[in-house]
Amino acid sequence: MSYVDEVLAMVVAKNPAQPEFHQAVKEVLESLRVVIEENEEEYRRDALLERLVTPERIVMFRVPWVDDKGQVQVNNGFRVQFNSAIGPYKGGLRFHPSVNLGIIKFLGFEQVFKNSLTGLPIGGGKGGSDFDPKGKSDREVMAFCQSFMTELCKHIGADTDVPAGDIGVGGREIGYLFGQYKRIRNLYEGVLTGKGLTYGGSLARTEATGYGLLYLTKEMLKCNGKDIKDKIIAVSGAGNVATYAIQKAQQLGAKPVTCSDSTGWIFDPEGIDVDLLKEVKEVKRARLTEYAAKRPSAQYHEGRGVWSVKCDVALPCATQNELGLEDAKMLVKNGCFAVAEGANMPTTLEATEYLQQQGILFCPGKASNAGGVATSALEMSQNSERLSWTFEEVDNKLQGIMVNIFHSIDNASKKYGMEGNYVAGANIAGFQKVADAMKAQGIV
Ligand code: NDP
Ligand code: 2IT
């Protein structure tokens, strides 16, 4: 059996009931075959792949808190410190009822390669909880965040592990988490990113993932002889990533016509009204039915359906495995020619393969959504030098980073004879820096 197949089998056997983790590892290791085969015996002897797929450390803990009725609630807390070869662990926290260890491991594994692609000195990690912020009062969210951080603070630090936001964790949660960290550790340091602007946050971090997605998409289209201007865009999600992807798409002259949340989706042929979307989702934390109620041109549909709309470019920005084979077929049938992932692993393996076979430009999330974590790393730099950069300065750096990421994945795909396969390019380019650093640091 080849070394890659051995490790794939080992991952499935040793990590039962973690399908998302298996999926993420399979996608990466399949891409790495060509690289590993160049020097299989050395990689096998050093157990490099076994070390790559095994987190350096996993912290799991109980999170007890008291709700507004005086009832004690208990949630599970996780932090997976996956790989610190190229820098301190870095990656978001997800608060969503679906969170379990396998999901956090898949996200942490993806983060290792994503962070490497940014070119910045950040290792990979991820954390979160099965806590559901939906329908909770601010006081309940604060109680939960304080309890979560009371344990987590023992394991993180500005030079050790720096969490940030993800699904269900935005500015409000980061504020409560930061406050509790400072209080317990008596340290005012850049231990979290995505902080508010009055206490060490970076301008443009809020916008960074969505904006970065569009900067990379624009470059990918340009290098394939197309222009983002005037293109019809289908976006899923209505959270942080989706909102700022829609905003930047409009600034670049494209027309995003959809968005979605966990209960339904909007088709707005006149183009999504970003200010209204922000008012509904960011301020009121309400459902998309409220968007439809205030916007005569918008149609609201229950359930899923964003990928059935005619579009040129699709940007999945909600969650994992939200774009399956049938969705991919509809997109192709309707003339879509490019897909760039804003979410982490939103496209199933079958759908990805199908899109690639059909000649669709396909950029994986670990490249196209890296703008968020890249800007988090810029926030860490600003915290270290105790200075704040202007919006333009951060945004210009973000643009440079996203254009570089596209060219490094494009070059890697060409170097290994798979031109246009940006999945392979991203996995290979991300792997190389991490593998070199791991080799140089010995068996750790
Ligand atoms: P938010 O919590 O701000 O928004 C998530 C959006 O996706 C919401 O509209 C939510 O609907 C919808 N959603 C979440 N889970 C599901 C589900 N199971 N089924 C259907 N819809 C769902 O999160 P973000 O925008 O920050 O994150 C979106 C994606 O982007 C995630 O995959 C995340 O890992 C990834 N990402 C985020 C980065 C960041 O900087 N924030 C950076 C890189 C990647 P509802 O409103 O009903 O909850
Ligand atoms: O998936 C991701 O890259 C994030 N949620 C952002 C992580 C970060 O540290 O900014």
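What counts, and at which threshold
- Residues numbered from 1 in each chain as written.
- Chains lettered and ligands numbered in written order.
- Predicted model: local features only at pLDDT ≥ 70, side-chain atom pairs only at ≥ 80, totals over all residues.
- Heavy atoms only, no water.
- Helix = DSSP H or I, 4+ residues; strand = E, 2+ residues; numbered from the N terminus.
- Rg over C-alpha atoms; globule rule 2.2 N^0.38 Å.
- Buried < 20%, exposed > 50% of the residue type's maximum accessible area, 1.4 Å probe, protein only.
- Contact = heavy atoms within 4.5 Å.
- Areas by Shrake-Rupley, 256 points an atom, 1.4 Å probe, with all protein chains shown as cover.
- Near = heavy atom within 4 Å.
- Polar contact = N/O pair within 3.5 Å; in protein donor to acceptor, adjacent residues only side chain to side chain.
- Nonpolar A, V, L, I, M, F, W, Y, C, P; charged D, E, K, R; others polar.
- Phe/Tyr/Trp six-rings, centres within 6.5 Å; stacked < 30°, edge-to-face > 60°.
- Disulfide = S-S within 2.5 Å.
- 1 Å grid on protein atoms, 1.4 Å probe; cavity = no way out; pocket = protein on both sides within 12 Å on 5 of 7 lines; lining within 4 Å.
- Points joined across faces, edges and corners; volume = space filled by probe spheres on them.
- Pairing = 2+ DSSP bridges.
- Axes fitted to C-alpha atoms, helices over the stretch in contact; angles between N-to-C directions.

Engineer: Can you tell me about the overall build of the protein, naming the residues and giving the values?
Structural biologist: Along the protein, the regular secondary structure elements total 17 helices and 13 strands. A compact globule built from 444 residues would reach a C-alpha radius of gyration of about 22 Å, and the protein, at 21 Å, matches this within 12%. When the backbone C-alpha atoms are referred to their principal axes, the protein occupies close to 65 × 55 × 45 Å. The burial tally for the protein puts 58% of its 444 residues in the buried class. In the protein, 72% of the contacts between residues at least 6 apart in sequence involve partners at least 24 apart. Accessible area for the protein stands at about 17500 Å²; split by element, carbon and sulfur atoms hold 51% of it.

Engineer: Talk me through the site of ligand 2; I want residue IDs and the actual numbers.
Structural biologist: Every one of the 14 residues lining ligand 2 counts as a neighbour, but Lys90, Lys114, Asp166, Arg205 and Ser376 are closest to it. Taking Lys114, its side chain carries an N or O atom lying 2.8 Å from an oxygen atom of ligand 2. Contacts to ligand 2 include Gly165, whose backbone N or O atom sits 3.0 Å from a nitrogen atom. Contact with the protein chains covers 94% of the free accessible surface of ligand 2, which is 300 Å². Every element with two or more residues in the shell around ligand 2 is listed here: β3 (89-95), α5 (101-117) and α15 (371-385). Classifying every residue of the shell around ligand 2 by side-chain character gives 2 nonpolar, 7 polar and 5 charged.

Engineer: Account for the packing of aromatic side chains, with residues named and values stated.
Structural biologist: Any two aromatic rings considered together are summarised by their centre-to-centre distance and by the angle between their planes. Summed over all chains, the structure comprises 18 aromatic pairs. Taking 5.3 Å as the distance between ring centres and 55° as the angle between the ring planes, the aromatic pair formed by Phe61 and Phe148 counts as tilted. With a gap of 87 residues between them, Phe61 in strand β1 (residues 57-66) and Phe148 in helix α6 (residues 138-152) connect regions that are remote in the sequence. Here the two residues Phe61 and Phe148 agree in accessibility, since each one is buried. Note on Tyr211 and Tyr215: the rings are 6.3 Å apart at their centroids and 75° apart in plane angle, and the pair reads as edge-to-face. With Tyr211 and Tyr215 both in helix α8 (residues 205-223) and 4 residues apart, this pair spans about one turn of that helix. For the residue pair Tyr211 and Tyr215, the accessibility class agrees, reading buried in each case. Pairwise contacts between aromatic rings join Phe61, Trp65, Phe95, Phe131, Phe144 and Phe148 into one cluster.

Engineer: Explain the state of the cysteines to me, using residue names and the numbers behind them.
Structural biologist: This structure, assessed with the given rule, holds 0 disulfides. Lacking any disulfide linkage, Cys311 is separated from the closest cysteine sulfur, that of Cys336, by 4.3 Å.

Engineer: I'd like a rundown of the layout of surface pockets, residues and numbers included.
Structural biologist: Approximately 490 Å³ is the volume attributed to the second largest pocket. Taken together, 26 residues make up the lining of the second largest pocket; nearest its centre are Gly190, Glu379, Met380, Asn383 and Ser384. Looking at which element gives the most residues to the lining of the second largest pocket, the answer is α15, with 8 residues. When the residues that make up the lining of the second largest pocket are grouped by side-chain class, the tally is 12 nonpolar, 9 polar and 5 charged.

Engineer: Would you mind going over the site of ligand 1 in detail, with residue names and values included?
Structural biologist: The full set close to ligand 1 counts 26 residues, and Asp166, Thr209, Ser262, Arg287 and Asn344 are the nearest of them. Thr209 places a polar side-chain atom, nitrogen or oxygen, 2.8 Å from an oxygen atom of ligand 1. Asn240 places a main-chain nitrogen or oxygen 2.9 Å from an oxygen atom of ligand 1. Across the complex, the protein chains shield 83% of the 890 Å² of accessible surface that ligand 1 would expose by itself.

Engineer: Can you lay out the sheet that holds β1 for me, pointing to particular residues and giving the numbers?
Structural biologist: Read across the open sheet, the 5 strands follow the order β1-β2-β4-β3-β5; overall the sheet is mixed. Bordering the open sheet on either side are β1 and β5 (161-164), each of which pairs with just one other strand. The sheet shows a mean angle of 20° between the axes of neighbouring strands, direction not considered. Here 10 bridges tie β1 to strand β2 (residues 72-83), and the two strands are oriented antiparallel to one another. Counted as the bridge partner of Arg62 is Asn76 from β2.

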